[in-house]
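Spelled out from the first residue to the last, the chains are:
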Amino acid sequence: MEFRSLKKQYAANKEQIDAAIARVINDANFISGSQVKELEEKLADYVGVKHCITCANGTDALSLALMTWEIGEGDAVFVPDFTFFSSGEVVSFAGATPIFVDVEYDTCNIDPDKLEIAIKSVLEDGTLKPKVIVAVDLFGQPADYPRIREVADKYNLLILEDGAQGFGGAIGEKKACSFGDISTTSFFPMKPLGCYGDGGAVFTDNDEWADLIRSYCVHGKGTMKYDNVRIGMNSRLDTMQAAILLAKFDVFINAEINEVNAIVDLYTELLSKKQDYRIKLPFIRKGFTSSWAQYTIKLSGKKERDDLQKQLKLNDVPSFVYYPKAMHEQQAFKYLNGKNRIFDCSVTNELCNEVLSLPLSPYMEQGEVARVVELILGFWV
Ligand SMILES: *Cc1c(COP(=O)(O)O)cnc(C)c1O
């Protein structure tokens, strides 16, 4: 069984994808071909923001946002303690200080109450200047933006939505990647909308920032490529990846989002039938839509979780622990040496021991879901 059926996805859409790839090779317009602009327009239109700027990957997308806001030494950037490393890495890379904030147990997203406590504490301390909140749409569910926006407004901070896992999600009618002052996503193959290599995008309604991002991602270009007005980076989305994404995009919004939700409903129905108090199912807040980057259950503790994962593996069912280690415990951040003050991150510590992400994709078959559930429910018998 595949964890995320990329082979089946290709088989189902082979004709369009092959044709898109062949066209790029025939035209030999590998960098900045017309497909890149076409994709950016489609994505901006779908998300409902003015500008979409594609780039080389989701990590660069975050860095481009921080560069645009000139975030650097002396600045505090608030980041969930429970996320992929990139969300905090880019803060240190920019020379600023990441402040890790605990998450909500149910949604696994940043906790707005604990966020406010952390901001107040940094302000009282006075060493760092609070600037940005990085909110992550973990496992596909948008963070609690209505409440995060209140906090951001109260302390005059910018919101950077890390929608690497969230593309395709929504709150009410408003789509993910439209909640930040700048929002980003990733097209890494396993993400909800994935390409066949690395890729990413930045979204914003702000014209001035959009111009800066377009400059930063092509060596700080000015009026043209060989007029360089600022230090930037080389971070473009290849025409090949743009063409593949265009070929996959319509299927993604017209079919895959519904199909993955049907698979999720089946998981939830089958797992609840014999609902064991020891398994906690994913929680989606009312009015929120997840893009279901992951279907993540929680077990009662590390030993049980690890044993269940081993049992699944013995039966050829892949599963992953996203994430086994809190951000504040990563060795890479030890250099901060307490400078970033560690707050109460007890929920993150619990989650690292309890979470297990199960195989999921729009192309999963009902029988496969039934098999995974049978193995899980049979684990305690
Ligand atoms: C995948 C991911 C990223 C980074 O995206 P890349 O395209 O791999 O650089 C950033 N943040 C989160 C939450 C992610 O899941």
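Procedures and definitions
- Residues numbered from 1 in each chain as written.
- Predicted model: local features only at pLDDT ≥ 70, side-chain atom pairs only at ≥ 80, totals over all residues.
- Heavy atoms only, no water.
- Near = heavy atom within 4 Å.
- Polar contact = N/O pair within 3.5 Å; in protein donor to acceptor, adjacent residues only side chain to side chain.
- Areas by Shrake-Rupley, 256 points an atom, 1.4 Å probe, with all protein chains shown as cover.
- Nonpolar A, V, L, I, M, F, W, Y, C, P; charged D, E, K, R; others polar.
- Domains from an automatic or database assignment.
- Buried area = accessible area lost by both parts, 1.4 Å probe.
- Salt bridge = Lys/Arg side-chain N within 4 Å of Asp/Glu carboxyl O.
- Helix = DSSP H or I, 4+ residues; strand = E, 2+ residues; numbered from the N terminus.
- Buried < 20%, exposed > 50% of the residue type's maximum accessible area, 1.4 Å probe, protein only.
- Phe/Tyr/Trp six-rings, centres within 6.5 Å; stacked < 30°, edge-to-face > 60°.
- Lys NZ or Arg CZ within 6 Å of the ring centre and 35° of its normal.
- Pairing = 2+ DSSP bridges.
- Core = buried A, V, L, I, M, F, W, Y, C linked by side-chain atoms within 4.5 Å.
- Contact = heavy atoms within 4.5 Å.

**Thoughts on the site of the ligand**
Item 1. Close to the ligand lie 14 residues, the nearest being Gly 58, Thr 59, Asp 162, Ser 186 and Lys 191.
Item 2. Measuring from a nitrogen atom of the ligand, one finds a side-chain N or O atom of Asp 162 at 2.7 Å.
Item 3. Here an oxygen atom of the ligand sits 2.7 Å away from a polar atom, N or O, in the side chain of Ser 186.
Item 4. Protein coverage of the free-state accessible area of the ligand, which is 390 Å², stands at 93%.
Item 5. Its residues placed into classes, the shell around the ligand shows three nonpolar, nine polar and two charged.

**Section: the domain arrangement of the protein chain**
Item 1. Segmenting the protein chain into domains produces domain 1 (6–101 + 110–249) and domain 2 (254–378).
Item 2. Just the C-alpha atoms count here: the centres of domain 1 and domain 2 sit 24 Å apart.
Item 3. Of the roughly 3400 Å² buried where domain 1 meets domain 2, counting both sides, 59% is carbon and sulfur surface.
Item 4. Counting across the interface, domain 1 meets domain 2 through four salt bridges.
Item 5. Among the ionic pairs, Asp 344 bridges to Lys 114, the shortest N-O distance being 3.2 Å.
Item 6. Viewed at the interface, domain 2 and domain 1 are joined by 18 residue pairs in polar contact (both at pLDDT 80 or more).
Item 7. Breaking the side of domain 1 that touches domain 2 down by element, the ones donating at least two residues are α1 (6–27), β2 (75–80), α4 (86–93), β3 (97–101), α5 (112–125) and β6 (170–171).
Item 8. Split into classes, the residues belonging to the side of domain 1 that touches domain 2 amount to 23 nonpolar, 15 polar and six charged.

**Quick word on the pattern of salt bridges**
Item 1. Counted according to the given criterion, the structure contains 20 salt bridges.
Item 2. As a salt-bridge pair, Glu 368 and Lys 8 come within 3.2 Å of each other at their nearest N and O atoms. Note that Glu 368 is positioned in helix α11 (residues 366–378) and Lys 8 in helix α1, a separation of 360 residues in sequence.
Item 3. The class of Glu 368 is buried, set by a relative accessible area of 16%.
Item 4. Classification of Lys 8 by relative accessible area gives partly exposed; the value is 27%.
Item 5. With a closest N to O distance of 2.6 Å, Lys 14 and Asp 18 form a salt bridge. Here Lys 14 pairs with Asp 18, and both are found in helix α1, just four residues apart, close to one helical turn.
Item 6. Through salt bridges with shared partners, a single network forms among Lys 8, Glu 365 and Glu 368.

**Some thoughts on the packing of aromatic side chains**
Item 1. On inspection of all chains with the given rule, the structure shows 19 aromatic pairs.
Item 2. Through a chain of ring-to-ring contacts, three or more aromatic side chains come together here, namely Phe 3, Phe 82, Phe 84, Phe 139, Phe 320, Tyr 322 and Tyr 323.
Item 3. One cation-aromatic arrangement involves Lys 191 over Phe 84; the distance from NZ or CZ to the ring centre is 5.9 Å.
Item 4. Positioned over the ring face of Phe 288 is Arg 285, at 5.7 Å from the centre of the ring.

**Let's talk about the pairing of β3**
Item 1. Judged by how many residues are buried, β3 sits mostly within the fold: five of five residues are covered.
Item 2. Because side chains alternate across β3, one face comprises the buried residues Thr 97, Ile 99 and Val 101, and the other comprises Pro 98 and Phe 100, equally buried.
Item 3. Relative to β3, β2 runs parallel, the two sharing five bridges. What sits directly across from Pro 80, in β3, is Val 101.

**Some points on the nonpolar core**
Item 1. In this structure, Phe 82, Tyr 267, Tyr 295 and Ile 297 are the most contacted members of the largest nonpolar core, which totals 73 residues.
Item 2. Element by element, the count of residues in this core is highest for helix α8 (residues 239–273), at seven residues.
Item 3. Residue assignment places this core across two domains, with domain 1 (6–101 + 110–249) and domain 2 (254–378) each supplying three or more.
Item 4. Setting aside chain neighbours within four positions, we find Ile 297 in contact with Leu 271, Ile 279, Lys 280, Leu 281, Pro 282, Glu 354, Val 355, Leu 356, Leu 358 and Ile 376.
Item 5. Core analysis: the second largest hydrophobic core is formed by 24 residues, Ala 76, Leu 115, Leu 128 and Ile 159 among them.

**Considering the pairing of strand β9 (residues 200–204)**
Item 1. With five of its five residues buried, β9 lies for the most part within the structure.
Item 2. Examined bridge by bridge, strand β1 (residues 51–55) and β9 share five bridges and lie antiparallel to one another. Bridge pairing in β9 places Ile 53 opposite Val 202.
Item 3. Examined bridge by bridge, strand β8 (residues 182–186) and β9 share four bridges and lie antiparallel to one another. Paired with Ser 183 across the strands is Phe 203, a residue of β9.

**Here's the deal with unusual backbone geometry**
Item 1. Cis geometry marks the peptide bond from Tyr 322 to Tyr 323; its omega dihedral reads 10°.
Item 2. As for its placement among the helices and strands, Tyr 323 is situated in the loop between α9 (302–314) and α10 (346–354).
Item 3. For Cys 177, which is not glycine, the phi dihedral falls at a positive 75°.
Item 4. Locating Cys 177 in the fold gives a position in the loop between β7 (174–175) and β8.
Item 5. Positioned with a positive phi, His 219 is a non-glycine residue whose angle comes to about 55°.
Item 6. Tracing the backbone through its elements, the reader meets His 219 in the loop between α7 (207–216) and α8.

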